[in-house]
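Report on the structure
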Amino acid sequence: MKYMLLVCGDDTADASGMAPVEPWVEEHGAERGVRLHGHRLQAPADAVTVRVRDGEVLRTDGPFAETKEYVAGYDILECDSMEEAVRVAAGHPVATVGALEVRAFWEDEDAVGEIRRIDAELTHAARERDLDRAMACYAPDVEVFHPMSGLEERRVDALRKAEEWWFSTVAGPVDREVLEFRVRVDESVAFSHALVRVRAARTTGEPLDSVLRVTTGYRAAGDRWQIVHQHSSVPFDAGVRP
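Residues numbered from 1 in each chain as written. Predicted model: local features only at pLDDT ≥ 70, side-chain atom pairs only at ≥ 80, totals over all residues. Heavy atoms only, no water.

Our next topic: the sheet that holds strand β12 (residues 224–233). With mixed pairing, 6 strands are arranged side by side in an open sheet as β8-β7-β12-β11-β10-β9. The outermost strands of the open sheet, each flanked by one partner alone, are β8 (152–154) and β9 (170–186). Mean inter-strand twist for the sheet, computed between neighbouring axes without regard to direction, equals 20 degrees. Relative to β8, strand β7 (residues 138–145) runs antiparallel, the two sharing 3 bridges. Across the sheet, Val144 pairs through a bridge with Glu153, a residue of β8. Across the sheet, helix α3 (residues 111–128) lies against β7, β9, β10 (189–202), β11 (207–221) and β12, angled at about 170 degrees from β9, the strand it touches most. (Pairing = 2+ DSSP bridges. Helix = DSSP H or I, 4+ residues; strand = E, 2+ residues; numbered from the N terminus. Axes fitted to C-alpha atoms, helices over the stretch in contact; angles between N-to-C directions. Contact = heavy atoms within 4.5 Å.)

Among the structural elements, His37 can be located in strand β2 (residues 35–40). C-alpha separation for the pair His37 and Arg199, spaced 162 residues apart in sequence, amounts to 40 Å. Setting aside anything within four residues of it in sequence, one finds His37 in contact with Tyr74, Asp75, Ile76, Asp186 and Glu187. Within the structure, His37 has its side chain in polar contact with the side chain of Asp186 (distance 3.5 Å). (Polar contact = N/O pair within 3.5 Å; in protein donor to acceptor, adjacent residues only side chain to side chain.)

Enumeration according to the criterion identifies 0 disulfides in this entry. You can see Cys8 has no disulfide; the closest cysteine sulfur is in Cys79, sitting 17 Å from it. According to the relative accessible area criterion, Cys8 is buried, its value standing at 15%. Of the residues examined, Cys79 reaches a relative accessible area of 1% and is grouped as buried. (Disulfide = S-S within 2.5 Å. Buried < 20%, exposed > 50% of the residue type's maximum accessible area, 1.4 Å probe, protein only.)

Now for unusual backbone geometry. With a phi close to 55 degrees, Arg129 is a non-glycine residue in the positive phi region. Tracing the sequence through the fold places Arg129 in the loop between α3 and α4 (131–135). The phi dihedral of Arg155 falls on the positive side, at around 80 degrees, and the residue is not glycine. By the element assignment, Arg155 lies in the loop between β8 and α5 (156–168). Under the relative-accessibility criterion, Arg155 is labelled partly exposed at 48%.

In this section: the pattern of salt bridges. Scanning the entire structure with this criterion turns up 16 salt bridges. In this structure, the salt-bridge partner of Glu84 is Arg32, at a minimum N-O distance of 3.5 Å. Taken together, the residues Glu84 in helix α2 (residues 82–90) and Arg32 in the loop between α1 (22–31) and β2 connect sequence positions 52 residues apart. Here the salt bridges do not stand alone but share partners, grouping Glu121, Glu128 and Arg133 into one network. (Salt bridge = Lys/Arg side-chain N within 4 Å of Asp/Glu carboxyl O.)

This paragraph deals with the side chain of Gln226. Tracing the sequence through the fold places Gln226 in strand β12. Relative accessible area serves as the criterion here: at 11%, Gln226 is assigned to the buried category. Those residues in contact with Gln226 that lie beyond four places of it in its chain are Ile118, Ala136, Cys137, Tyr138, Ala139, Pro140, Gly217, Tyr218, Arg219 and Ala221.

Pasting the structure below:
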């Protein structure tokens, strides 16, 4: 589950003896993979507060509330429980001079399930040779390294033309079997790594049976996910054996 750490500074506290933050970031980010990302924020004096009253936008320079404590930055954690998130927060150097507010994300969607649904759509579209159904999974500005054309297809129109050409080289349905599928989701961006077996009959009468390694990047667009990048590679026999 994801948690946000609101890193709260205190103007009245003496931070001269505070330990540097970088080792904490290194330990929980690069080494443990608990800290997904985070960032410092500009000072509250540089903030702008926006309200709308009776249709009028009211802008006020400065923070929402004048207090000695303020949000100096944030960190996003991936933890098994609130207790684990609290332990990680307790190790943050700012906790010794300020405070860290730990808040769980509102879990109202199944991003992994949605991405798996997109992949299932590609499987059904291939079997039915339904280009409209397949292209609906991609963002308009998608970039795809196409395994059959061997070219980088930029934007969905170019991808459609490449797929049309590909379908013209095979007869009947295309069997797309997902042998392995792993997903990693982080906020509005996700990646999947898959092994996909593709079987079909070529128009020449020869069988097609190949396993692709497919790496896909997704972006949350409003209330749905779309594919924005995809790279497929096929086995290459260099004639060398260990």
